[in-house]
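# Coordinate inspection notes
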Amino acid sequence: MAAKSEQAAFDLTIVADETAMGRLAADAVAETVARQPAAVISLPTGNTPLPLFAELVDRVGRGELDLSRVHLFCLDEYLGVAADDPNSLTGWLQQAVIGPAEFDPARVHTLPATDRDPAAAANRYEAELTALGGLDLAVLGIGPNGHVAYNEPGSAADSRTRVLELTQESIDQAAAYWRGSVTIPRRAMTVGVGTLLEANHLVLIAAGAGKAAIVRQALRDPMSAAVPASWLRLAGDRLAVVLDEAAARELG
Ligand code: PGA
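What this report covers is the structure whose coordinates are included nearby. All values reported here derive from a predicted model rather than from experimental measurement.

### Description of the sheet that holds strand β5 (residues 108–109)
Taken together, the 7 strands give an open sheet; going across it, the order is β1-β10-β9-β6-β2-β3-β5, and neighbouring strands pair in parallel fashion. Here the strands that pair on one side only, and so sit at the sheet edges, are β1 (11–15) and β5. Two strands pair when backbone bridges link them, and strand β2 (residues 40–42) and strand β6 (residues 137–140) are joined in this way by 2 bridges, in the parallel orientation. Bridge pairing in β6 places S42 opposite A138.

Shown next, in the form of structure tokens:
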């Protein structure tokens, strides 16, 4: 494989707390939508984006932001789990931001995780994104094991939307969100790292001391499939990283 090198430095902003992090990420969404009301964007799941979602909902409520023409591409879903399943990532995103921030449901693109032929369906999802010109903005989180979307350790920089095995660590992390005594799927469908790297702008957000070590590995260690989020540095100056002080404390 050809050596991969960073094109230019990514933009790093360290803010006091997760509220400020959410505000900056919301600014990135607002700037994208101001330029292109029908922009194509992605938003992450998890605890990290909650301050961002609160800020988006506030701005929409105040009439400062209109997300109704935006195309939202979901980043990941458990294999075999339908979007309307209460345990789905899509359902979580629906409750957390799609509904409250008034996205148009007809412009929300959900992963075809229940398709009988997931590999072919994943290719169609890529084609759907390409047909709309690709992502204008990808807002991303980082998992405790360095995953980005659900690109688990081992994911290549040129990986595309596909099905993959989840690590036990990610399944344990997911358990906090699952209701009832159902078995958490061991596989997920995720947008690929290569797909994300084609976005016009990427914003990686992280908050809290619990993320400090993985943030250091992702941003300072040599890029590697062991920490898939490290590949985001290949985006060079199209990547903006927004951290709170706690998540940045090992960067030196
Ligand atoms: P978290 O999850 O925001 O809940 O830490 C991030 C992720 O797993 O990508």
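### Looking at the pairing of strand β9 (residues 201–206)
Burial within β9 is extensive, with 5 of its 6 residues counted as buried. Bridging between β6 and β9 involves 4 bridges; their strand directions are parallel. If you follow L140 over to β9, its bridge partner there is L204. Here β9 runs beside strand β10 (residues 239–244); their pairing, made up of 5 bridges, is parallel. Bridging from a neighbouring strand, A206 pairs with L243 of β10. Crossover β9 to β10 through helix α7 (residues 212–220) is right-handed.

### Let's talk about the site of the ligand
Taken together, G46, N47, T48, I142, G143, H147, Q173, Y177 and K211 make up the full set of residues near the ligand. Between the ligand and the protein, one listed contact pairs an oxygen atom with a side-chain N or O atom of T48 at 2.4 Å. About the coverage of the ligand: the protein hides 86% of its 280 Å² of free accessible area. When grouped by side-chain class, the residues that make up the shell around the ligand number 2 nonpolar, 6 polar and 1 charged.

### Concerning the environment of D76
When you line up the elements, D76 lands in strand β4 (residues 76–78). According to the relative accessible area criterion, D76 is buried, its value standing at 7%. Considered as a pair, D76 and R35 are 41 residues apart in the sequence and their alpha carbons are 27 Å apart. The residues touching D76, leaving out its near neighbours within four places in the chain, are T45, L89, L111, A149, Y150, M189 and T190. A distance of 3.3 Å separates a polar atom in the side chain of D76 from the backbone nitrogen of Y150.

### A closer look at helix α1 (residues 18–35)
Relative to the 26 Å expected for 18 residues at 1.5 Å per residue, α1 spans 26 Å between its end C-alpha atoms, a close match to the ideal helical length. Here α1 has its buried residues at A20, M21, G22, A25, A26, A28, V29, T32 and V33. In this structure, the buried side of α1 is in contact with β1, β2, α2 (50–61), β6, β9 and β10.

### With respect to the nonpolar core
L43 and F103 are the most contacted members of the largest nonpolar core, which totals 73 residues. Ranked by residue count, the leading element in this core is α1, at 7 residues. Once residues within four sequence positions are removed from consideration, F103 is found in contact with I41, L43, L67, V70, L72, V97, I98 and V108. Ranked by size, the runner-up nonpolar core spans 10 residues in total, among them I171, W178, I184 and A188.

Reading guide: rules and limits
Residues numbered from 1 in each chain as written. Predicted model: local features only at pLDDT ≥ 70, side-chain atom pairs only at ≥ 80, totals over all residues. Heavy atoms only, no water. Pairing = 2+ DSSP bridges. Helix = DSSP H or I, 4+ residues; strand = E, 2+ residues; numbered from the N terminus. Buried < 20%, exposed > 50% of the residue type's maximum accessible area, 1.4 Å probe, protein only. Right-handed = clockwise from strand over helix to strand, strands pointing away. Near = heavy atom within 4 Å. Polar contact = N/O pair within 3.5 Å; in protein donor to acceptor, adjacent residues only side chain to side chain. Areas by Shrake-Rupley, 256 points an atom, 1.4 Å probe, with all protein chains shown as cover. Nonpolar A, V, L, I, M, F, W, Y, C, P; charged D, E, K, R; others polar. Contact = heavy atoms within 4.5 Å. Expected span 1.5 Å × (residues − 1). Core = buried A, V, L, I, M, F, W, Y, C linked by side-chain atoms within 4.5 Å.

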